[in-house]
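Here's the letter readout for the chains.
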Amino acid sequence: MGRCYAHLTIEDRCDLARRHAAARGRPSYPPLLMVKVLLLQQWYSLSDPQMEEALGDRLSFRRFVGLGLQDATPDHSTISRFRAALEAEGLSERLFAALAQQLEAQDLVLKEGTLLDATLVAAQVRRPPLAAGRGASSATDPDAAWTQTGRGTRSHFGYKMHLGVDADTGVVRRAVLTPANVYESEVADTLVSSDEQAVYADRAYESTRRRQWLRAQGINDRIMHRANKHQPELTVWQQRRNELIEQRRALVEKVFGTLKRSYGYQRVRYCGLGRNAVEMWFKLMAYNLRKADTWAWAAG
């Protein structure tokens, strides 16, 4: 993890340390130590006060972040300020990208294909009223939004996480967090790394422009077909192609399942897109590190 952090520029690190340092109160901590603290939060689903308590009680936690037995520990407000500094500078996404580069260097991203998909994550706040097919916004979390699922039979209030996942290893390569009402196809192109051999996606991502763009990039188009007014029924070949693509895409559902079950990502922890994006990036870093550890263990 230290090597990952070292990929940020010196200017980035100094600026983060300067913003994190406080003129009064408890002394600031090394940024890498605080990054490890935020990772521990994701692995063990701890709030800031719980993290403060755990750092005081667990020797394994202190050893992991680099604290000696006699060292002072970051309190919950220090952890919160550090997270706010990451949000202000957009450094959490850079950390995620730096880690992704480390995983690629260790051949943990095969680039034979990228799986595109999205999942809904509930807002932390109470759901505002939903009436006449249009939901009210929340004054507490105005970034959260309503969307309809299940052909309009179910309603969801919150956010949507869009992922680009390596088709062979399950490592997350790209991600975007949006309000729940943002359609998957709107952000799909940002999830393509442009160095993969193929892109696999369901019907929600189909568009003539995207298919042409993938061909121009030299990337194999593995987006499922869907019926439309010009073609009410799919051909036998298209149906079979969809079945094969669906089998290949099964891995991305496992990624979502792990994030929701093991990392508690059924619901966001904070209010606002920016703060929740920081949480998402750290959950994905924690997930990728665990995935890398699993692959390293399997390899020998």
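I will try to describe carefully the structure that is included in this document. Just so it is clear, the model here is predicted, and its values are computed rather than measured.

**Here's the deal with the environment of phenylalanine 64**
1) Next: Of note, phenylalanine 64 is situated in helix 5 (residues 59–65).
2) Next: By relative accessible area, phenylalanine 64 is classed as partly exposed at 31%.
3) Next: Put simply, phenylalanine 64 and lysine 36 are 28 residues apart on the chain and 7.4 Å apart in space, counted from C-alpha to C-alpha.
4) Next: What phenylalanine 64 contacts, discounting residues up to four positions off in sequence, is Lys36, Leu40 and Trp43.

**Here's the deal with the environment of leucine 130**
1) Next: Structurally, the position occupied by leucine 130 is in strand 2 (residues 130–131).
2) Next: Taking relative accessible area as the criterion, leucine 130 reaches 35% and is therefore assigned partly exposed.
3) Next: Sequence-wise, leucine 130 and phenylalanine 157 are 27 residues apart; in three dimensions their C-alpha atoms are separated by 9.5 Å.
4) Next: In contact with leucine 130, not counting residues within four places along its chain, are Gly135, Trp146, Gln148 and Ser155.

**Considerations on the pattern of salt bridges**
1) Next: The full count for this structure, using the stated rule, is 18 salt bridges.
2) Next: For aspartate 195, the salt bridge identified is with lysine 111, shortest N-O distance 3.3 Å. A residue pair is termed long-range when its members are at least 10 positions apart, and aspartate 195 in the loop between helix 8 (184–187) and strand 7 (198–201) and lysine 111 in the loop between helix 7 (91–105) and strand 1 (114–122) qualify at 84 residues.
3) Next: The class of aspartate 195 is partly exposed, set by a relative accessible area of 34%.
4) Next: For lysine 111, a relative accessible area of 25% corresponds to the partly exposed category.
5) Next: Across the salt bridge formed by lysine 160 and glutamate 184, the nearest N and O atoms sit 3.3 Å from each other. Pair noted here: lysine 160 is in strand 5 (residues 154–166) and glutamate 184 is in helix 8, with a separation of 24 residues, a long-range link. Both residues of the pair, lysine 160 and glutamate 184, count as buried.

Rules behind the numbers
Residues numbered from 1 in each chain as written. Predicted model: local features only at pLDDT ≥ 70, side-chain atom pairs only at ≥ 80, totals over all residues. Heavy atoms only, no water. Helix = DSSP H or I, 4+ residues; strand = E, 2+ residues; numbered from the N terminus. Buried < 20%, exposed > 50% of the residue type's maximum accessible area, 1.4 Å probe, protein only. Contact = heavy atoms within 4.5 Å. Salt bridge = Lys/Arg side-chain N within 4 Å of Asp/Glu carboxyl O.

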